[in-house]
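Here's the letter readout for the chains.
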Amino acid sequence: MKHKKYLIFIIAVWAFLVFPFAGMLFWRSDETTENTELASFPELKTDEGWNQEYLSKMGAYFEDHFALRQYWVTANALLRSHVTQSSATDQVVLGKNDWLYFSGTTADYQGTNLFSEREIYAILHNLKLIQNYVQEQGSAFYLMVPPNKNSLYDENMPYYYQKGDESDLEMLTERFQQEGISYIDLYEAFQEKEEVLYFQRDSHWNNQGALLAYRNLMEAIGKDYETYLNAPFDVEKSIAVTWMKCFFQKQCRKRTIISMIQHLILSM
C-alpha cells in the first residue's frame, strides 16, 4: 500500500511536469497580453547550415507557447503576491495596500547611483546648447519632467526601501534654475495637491494628473487652452502623456547624453 502511494505521487508529479509540453498539442499559447513578440518555431537547418542556436531558440519558443501559459503566469503572480508577498516580475515592486511601483525607479528613490557631477554637467551643457539653438530659430524651449510615482506617494513603499536624502530630479531642478534652463517643475505642482494623481497599480499618472501637467505646460508657454474643469475623470488611462518616462531609469544612462536629450525633445 505504501509503495502504491509513492507510485501515485511520482506519476502525479511527472504528469504535472510534462503537461506544459505535452499540452501544447491541444492548448498551445499563441497570444499574450504582454508587449512582446512571441518567439517563432526555430529551423533545425538553415541556408547557412545547421542552426547552432537551435536548442536555445527552442527553449525560448517553449517559454512563450507552453500549454495554458497565461493561466500559469496568472496563478504564479497570485501565489507570489498572496503567499510570499513578492512580485512575479523584477520590474514591479509590491507595496503595501495593494500598491505597485516600478522597480526601475528604486535606485533614484533611495538616493543611490545618482548622476555624477560630470553627468550633470553634460546634461546641462547639452540642454543649454539645444535651448540656444531653438531660441535662435525663433521658437521657445521648455523642459518638463514627470516625477516618479514613489517620490510623491511613498507611504506604501515596502519598509526595506528607505527614501534617500536626494534624488536626480532634485539635484537637476536646482541646477536648471541656476543655468537659466526653461524648466516646468511638475514635482512641486503635484506635491501641492492632496488627491492622488497616479494610478495605484500602475506607474503612470491618472487623468487628473495628466490634466494638471497639461495645465502647467499651457500656462508656462502662455497659450490659451481648454481647462476641462467639468470633464469627468473616470476615463481609462492613456499612456500617451508619459513623456520621458525612462529619463531616470538605469538603462537610460547607457544612452549618450545627446540621444537622451533628443528623445526628450521629440517626446514633448
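Residues numbered from 1 in each chain as written. Predicted model: local features only at pLDDT ≥ 70, side-chain atom pairs only at ≥ 80, totals over all residues. Heavy atoms only, no water.

Helices and strands together make up the secondary structure of the protein chain, namely 11 helices and six strands. Expressed as a percentage of its 268 residues, the buried residues of the protein chain come to 32%. Long-range pairs, those at least 24 residues apart, make up 65% of the contacts in the protein chain with a sequence separation of at least 6. (Helix = DSSP H or I, 4+ residues; strand = E, 2+ residues; numbered from the N terminus. Buried < 20%, exposed > 50% of the residue type's maximum accessible area, 1.4 Å probe, protein only. Contact = heavy atoms within 4.5 Å.)

Glancing now at a nonpolar patch on the surface. Taken together, F9, I10, V13, W14, F16, L17 and V18 make up a surface patch of nonpolar side chains, about 730 Å² in accessible area. The topology assignment puts I10 in helix 1 (residues 2–22). (Patch = residues over 30% accessible without salt bridge, like charges linked within 9 Å, V, L, I, M, F, W, Y side chains within 5 Å. Areas by Shrake-Rupley, 256 points an atom, 1.4 Å probe, with all protein chains shown as cover. Salt bridge = Lys/Arg side-chain N within 4 Å of Asp/Glu carboxyl O.)

Taken together, the side chains of D165, E166, E170 and E174 define an acidic patch exposed on the protein surface. Within the secondary structure, E170 is located in helix 8 (residues 168–179). (Lys, Arg positive; Asp, Glu negative; His and termini not counted. Charge placed at Lys NZ, Arg CZ, Asp CG, Glu CD.)

Another point: the confidence of the model for the protein chain. With 75% of its residues at a pLDDT of 70 or more, the protein chain shows a mean pLDDT of 77. Confidence over residues 235–268 falls short of pLDDT 50; this stretch has 55 contacts with residues more than four positions distant or in other chains. (pLDDT = per-residue confidence, 0-100.)

Bringing the side chain of T173 into the picture now. Mapped onto the elements of the fold, T173 is located in helix 8. Classification of T173 by relative accessible area gives buried; the value is 13%. Residues contacting T173, with those up to four places away along its chain left out, are Y183 and D185.

In this section: helix 3 (residues 54–65). Taking 1.5 Å per residue, 12 residues should reach 16 Å; helix 3 reaches 16 Å between its end C-alpha atoms and fits that length. Turning to helix 3, its buried residues are Y54, Y61, D64 and H65. End-on, the buried residues of helix 3 take up no more than an arc of 90 degrees, which puts them together on one face. In helix 3, the exposed positions angled more than 90 degrees off the buried face are occupied by L55, S56 and E63. (Expected span 1.5 Å × (residues − 1). Arc of directions from axis to C-beta.)

Structurally, the position occupied by N150 is in helix 7 (residues 149–152). Take N150: its relative accessible area is 1%, and that puts it in the buried class. A distance of 2.9 Å separates the side chain of N150 from the side chain of T105, its partner in a polar contact. Among residues more than four places away in sequence, those in contact with N150 are Y101, T105, T106, Y109 and M157. (Polar contact = N/O pair within 3.5 Å; in protein donor to acceptor, adjacent residues only side chain to side chain.)

Counting residues in each nonpolar core, the largest one holds 34 residues, and the members touching the most others are L127, L143, F176, F190, Y198 and W205. Those elements that place two or more of their residues in this core are helix 6 (117–136), strand 5 (143–144), helix 8, strand 6 (183–184), helix 9 (186–191) and helix 10 (207–221). Looking at which element gives the most residues to this core, the answer is helix 6, with five residues. Filtering out sequence-adjacent residues up to four positions away, F190 remains in contact with L152, L197, Y198, W205, G209, L212 and A213. (Core = buried A, V, L, I, M, F, W, Y, C linked by side-chain atoms within 4.5 Å.)

All right, on to the packing of helix 6 against helix 8 then. Where helix 6 meets helix 8, the axes come as close as 11 Å, and the angle between the chain directions of the two elements is 45 degrees. By the criterion of interaxial angle, the relationship of helix 6 to helix 8 is oblique. The crossing of helix 6 and helix 8 is right-handed. Of helix 8, the residues touching helix 6 (which contributes E117, I120, L124, L127 and K128) are M171, L172, R175, F176 and E179. Per-class residue counts for the contact of helix 6 with helix 8 are six nonpolar, no polar and four charged. (Axes fitted to C-alpha atoms, helices over the stretch in contact; angles between N-to-C directions. Parallel < 35°, antiparallel > 145°, perpendicular 65-115°, else oblique. Left-handed = near helix turned anticlockwise from the far one by under 90°. Nonpolar A, V, L, I, M, F, W, Y, C, P; charged D, E, K, R; others polar.)

Summed over the entire model, instances satisfying the criterion amount to four salt bridges. Across the pair E53 and K57 runs a salt bridge whose closest N-O atoms are separated by 3.7 Å. Of the charged contacts, one joins E179 and K128 as a salt bridge, the two residues approaching to 3.2 Å between their closest N and O atoms. Placement of the pair is E179 in helix 8 and K128 in helix 6, with a sequence separation of 51 residues.

Let us look at helix 10. An ideal rise of 1.5 Å per residue puts 21 Å on 15 residues; helix 10 measures up with 21 Å between its terminal C-alpha atoms. Considered for burial, the residues of helix 10 that qualify are G209, A210, L211, L212, A213, L217 and M218. The N-terminus of helix 10 is capped by N206, whose side-chain oxygen sits 3.1 Å from the backbone nitrogen of Q208.

Here the structure, examined in full by the defined rule, presents 11 aromatic pairs. Considering the side-chain rings of W99 and Y153, the 6.3 Å spacing of their centres and the 55 degrees angle between planes classify their relative orientation as tilted. In this pair, W99 sits in the loop between strand 3 (92–94) and strand 4 (100–102) while Y153 sits in the loop between helix 7 and helix 8, placing the two residues 54 residues apart along the sequence. With respect to class, W99 is no different from Y153; both count as buried. Counting every residue linked through ring pairs, the aromatic cluster contains W99, Y101, Y153, F190, Y198 and W205. (Phe/Tyr/Trp six-rings, centres within 6.5 Å; stacked < 30°, edge-to-face > 60°.)

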